[in-house]
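Listed here are the chains, written in short residue letters.
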Amino acid sequence: MLTVRNNGLLIHIYRNIFDGKSVRSLAAFLLLVLTALQQPAWADAPDGAKLFAQNCAVCHGETGSGGIGVPLSLPSFQATVSNRYLAATIRDGRPGRVMPAFAQLSDAEIAAIVGYIRSWYRGPVPHYGDAPVAGNPAHGKQLFAAHCAMCHGVDGQGGRGTGVTFSRPRGLPIMPPALNNAGFLASAPDAMIRAVLIHGRAGTPMVSFVKAGLSRRDVDDLVAYVRSFQSGAQTVAGSVAGLKPDLIVQSPYDLKTTIKNLTQAINSDNFFVGRSQPVEYGLTTPDKANPHQIIVYFCDVPFLNKALAIDPRVGLFLPCRITVVEHAGKVMLMAVNPEVVSRLFNNGELNELCKEMHDRYLAIMQEATL
Ligand code: HEC
Ligand code: HEC
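Residues numbered from 1 in each chain as written. Chains lettered and ligands numbered in written order. Predicted model: local features only at pLDDT ≥ 70, side-chain atom pairs only at ≥ 80, totals over all residues. Heavy atoms only, no water.

Caption draft 1: Just the site of ligand 2, in detail. Around ligand 2 lies a shell of 24 residues, among which Cys 148, Cys 151, His 152, Arg 201 and Met 206 are the nearest. The contact in question runs from an oxygen atom of ligand 2 to an N or O atom on the side chain of Arg 201, over 2.6 Å. Of all the secondary-structure elements, those providing two or more residues to the shell around ligand 2 are helix H9 (149-152) and helix H11 (190-199). Of the residues belonging to the shell around ligand 2, the class tally is 19 nonpolar, three polar and two charged. (Near = heavy atom within 4 Å. Polar contact = N/O pair within 3.5 Å; in protein donor to acceptor, adjacent residues only side chain to side chain. Helix = DSSP H or I, 4+ residues; strand = E, 2+ residues; numbered from the N terminus. Nonpolar A, V, L, I, M, F, W, Y, C, P; charged D, E, K, R; others polar.)

Written as C-alpha cells, this is what we have:
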C-alpha cells in the first residue's frame, strides 16, 4: 500500500491522518526506511541488485526511475557520470541534503551497486581526470545568476524538496540538486561538471548550455564558479550526538486530569486536537487495551504543509502525538524528540522545523503539567 516513489504516500498520509491504521502502517514504513539505511555488510561476493534494493530503491525507485531521489537510470545521466563519481556519491552522500552517506558499505559493495546501476545503460561510460578547468569565476558568477540560479538557487543550494516527488518545485519534473554541496563538489571533478554543462541531461530540465548559446569559454567560467562554492560548502546536517531521543515530563496530576490539561495546552498552542486512544488501540480487543497508556494526536495543518513541502518523509511522524502513561503511581508525558527524527533524514532544512517542533512539544508538555 505504501510506496515512497509516488505521491501515494502523501495522499495516504493525508487521508489517514486521524485514522488509527496509519500509525501502524507508518511505523512499518519507518522501519523499512531505517532497515534500508542500516543494512549490515554482506560478507563475500556482494550482490549489487540486492544491495540497491536494500539501500537505494526506497528513494531512487526499484529501476532507478527516481522518487525521493533523482533518477539514476536516464541514459543522459549515465552518459555524463563516471563510476568514480557514483562510488564517491554513495560513500559520502550529500551532507545537508536528503541523500545519505553510506559509510557502512565496503568498497566492494559500493562497486557492486555501481555495477548494478550501470546494468540499466548500454552506452559508453565516461572517465574524467582530476585536472582543474581554468576559467574566470567572476564572469561565471554573472552567468550563474542569469542561467542557473532560478533552478539551482542563488548560491547553488539546490531546489527545495526532493527528487521527482510531490515536494519538488512546481513545473520542474526533477528537483535540481545542490551544487554548493561538499558531497557533490568532492565527487564531481571539473571535467564532469563541464561535460554536464556541454551535453545537458536530456529528459530533465538540465539542458545543454552550449546548444542554448553559451560559448565553451562561458562553460569553463561557470565550472570555475561552481568550484568556488567549495570554500563555503555546508558540511554535515548535524549529528544526533547530544540530543535526547525522547522528551519526558512528569505530571503532578492523575491520568485523566493530565489528558484534559494536555488537550487544553495543545489547543492554546493553535494545534487542532485529534483523537485520543490507547497505545494498544488496534493491537488487541478494545476491552483489553491498557487504559493507562493513552496517545493524544494533534495537528497544525499550515505547519504540516510547510514541513511536507520540504520533505515528504516528515509524514512518517504525523500527526503529532504525545503519549501519557500512568505507571506505578506516576503519570508521565512522552514524545519522540523531533530533532532526532530530522537528523535521520540528513536534511538541514528540516532541522530548523524540527527544532521549532521540539520547542512546541516541550512547551505543551510543560504547560500541561504546571
Ligand atoms: C533517503 C533517500 C535516498 C536514499 C536512501 C538514497 N538516495 Fe541517492 N539521492 C537522494 C536525493 C534526494 C538526491 C539528490 C541530491 C540533492 O538533493 O542535492 C540523491 C542523489 C544521488 C546521486 C547523485 C545524482 C546526480 O544527479 O548526480 C546518486 C548517484 C545517488 N543518489 C545514488 C544513490 C545510491 C546508489 C543509493 C543507495 C546506495 C542512494 N542514492 C540512496 C536520495 C536518496
Ligand atoms: C530549468 C532548471 C535548471 C537550470 C536553468 C539549470 N539546471 Fe542544472 N540541473 C537541473 C536538474 C533538474 C538537474 C538534475 C538532472 C538529473 O536528474 O540528472 C541538474 C543537474 C545539474 C548538474 C549535475 C549535478 C548532479 O548532481 O549530477 C550540474 C553540474 C548543473 N545542473 C549545473 C547547472 C549550471 C551551472 C546551470 C546554469 C548554466 C544549470 N545547471 C542550469 C536543473 C537546471
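Caption draft 2: The arrangement of the pattern of salt bridges in detail. Inspection of the entire model under this criterion finds seven salt bridges. Where Arg 227 meets Asp 190, a salt bridge forms, and the shortest distance between an N and an O atom there is 2.7 Å. Of this pair, Arg 227 sits in helix H12 (residues 216-228) while Asp 190 sits in helix H11, and the two are 37 residues apart along the sequence. For the pair Arg 227 and Asp 190, a shared accessibility class is recorded, and that class is buried. Connected via shared salt-bridge partners are Asp 269, Asp 300 and Arg 360. (Salt bridge = Lys/Arg side-chain N within 4 Å of Asp/Glu carboxyl O. Buried < 20%, exposed > 50% of the residue type's maximum accessible area, 1.4 Å probe, protein only.)

Caption draft 3: Spotlight on the packing of aromatic side chains. Within this structure, the stated rule accounts for eight aromatic pairs. Centre to centre, the rings of Phe 144 and Phe 229 are 5.6 Å apart; their planes meet at 80°, and the pair counts as edge-to-face. Placement of Phe 144 in helix H8 (residues 137-147) and of Phe 229 in the loop between H12 and strand E1 (246-251) is noted, with a sequence separation of 85 residues between them. Taken as a pair, Phe 144 and Phe 229 share a single burial class, namely buried. Connected via pairs of aromatic rings, a cluster forms that spans Phe 52, Tyr 116 and Trp 120. Sitting over the face of the ring of Phe 303, Arg 360 holds its NZ or CZ atom 5.7 Å from the ring centroid. (Phe/Tyr/Trp six-rings, centres within 6.5 Å; stacked < 30°, edge-to-face > 60°. Lys NZ or Arg CZ within 6 Å of the ring centre and 35° of its normal.)

Caption draft 4: Region of the structure containing the side chain of Arg 94. If you trace the backbone, Arg 94 turns up in the loop between helix H6 (83-92) and helix H7 (107-118). Within the structure, the side chain of Arg 94 is placed 2.6 Å from the side chain of Tyr 85, a separation counted as a polar contact.

Caption draft 5: A look at the pairing of strand E5 (residues 330-336). On E5, burial follows the alternation: Val 331, Leu 333 and Ala 335 on one face are buried, whereas Lys 330, Met 332, Met 334 and Val 336 on the facing-out side are not. Here strand E4 (residues 320-327) hands over to E5 after two residues, with Ala 328 in that stretch at a positive phi of 50°. (Pairing = 2+ DSSP bridges.)

Caption draft 6: Main features of the coordination of the iron atom of ligand 2. Only His 152 (NE2) and Met 206 (SD) from the protein coordinate the iron atom of ligand 2, and they sit 2.0 to 2.1 Å from it. Coordination at the iron atom of ligand 2 is octahedral: its six donor atoms span angles of 88 to 178° at the metal. Linking His 152 in helix H9 with Met 206 in the loop between H11 and H12, this pair joins segments that are 54 residues apart in sequence. You can call His 152 buried: its relative accessible area is 10%. The class of Met 206 is buried, set by a relative accessible area of 18%. (Donors = N, O, S within 2.8 Å, 3.2 Å for Na, K, Ca; no water. Tetrahedral: all angles 85-135°; square planar, octahedral: opposite > 155°, others 65-115°.)

Caption draft 7: Seen up close, the coordination of the iron atom of ligand 1. Within the protein, the iron atom of ligand 1 binds to His 60 (NE2) and Met 99 (SD); these donor distances fall in the range 2.0 to 2.1 Å. One way to put it: the six donor atoms around the iron atom of ligand 1 meet at angles of 87 to 179°, and that makes the site octahedral. Pair noted here: His 60 is in helix H4 (residues 57-60) and Met 99 is in the loop between H6 and H7, with a separation of 39 residues, a long-range link. Overall, the relative accessible area of 10% leaves His 60 in the buried class.

Caption draft 8: Spotlight on empty space enclosed by the protein. Using the criterion set out here, one finds two cavities of 30 Å³ or more in the structure. Taken as a whole, the second largest cavity spans an internal volume of roughly 30 Å³. Taken together, Phe 271, Cys 299, Asp 300, Phe 303, Leu 304, Leu 318 and Cys 320 make up the lining of the second largest cavity. Of the residues belonging to the lining of the second largest cavity, the class tally is six nonpolar, no polar and one charged. (1 Å grid on protein atoms, 1.4 Å probe; cavity = no way out; pocket = protein on both sides within 12 Å on 5 of 7 lines; lining within 4 Å. Points joined across faces, edges and corners; volume = space filled by probe spheres on them.)

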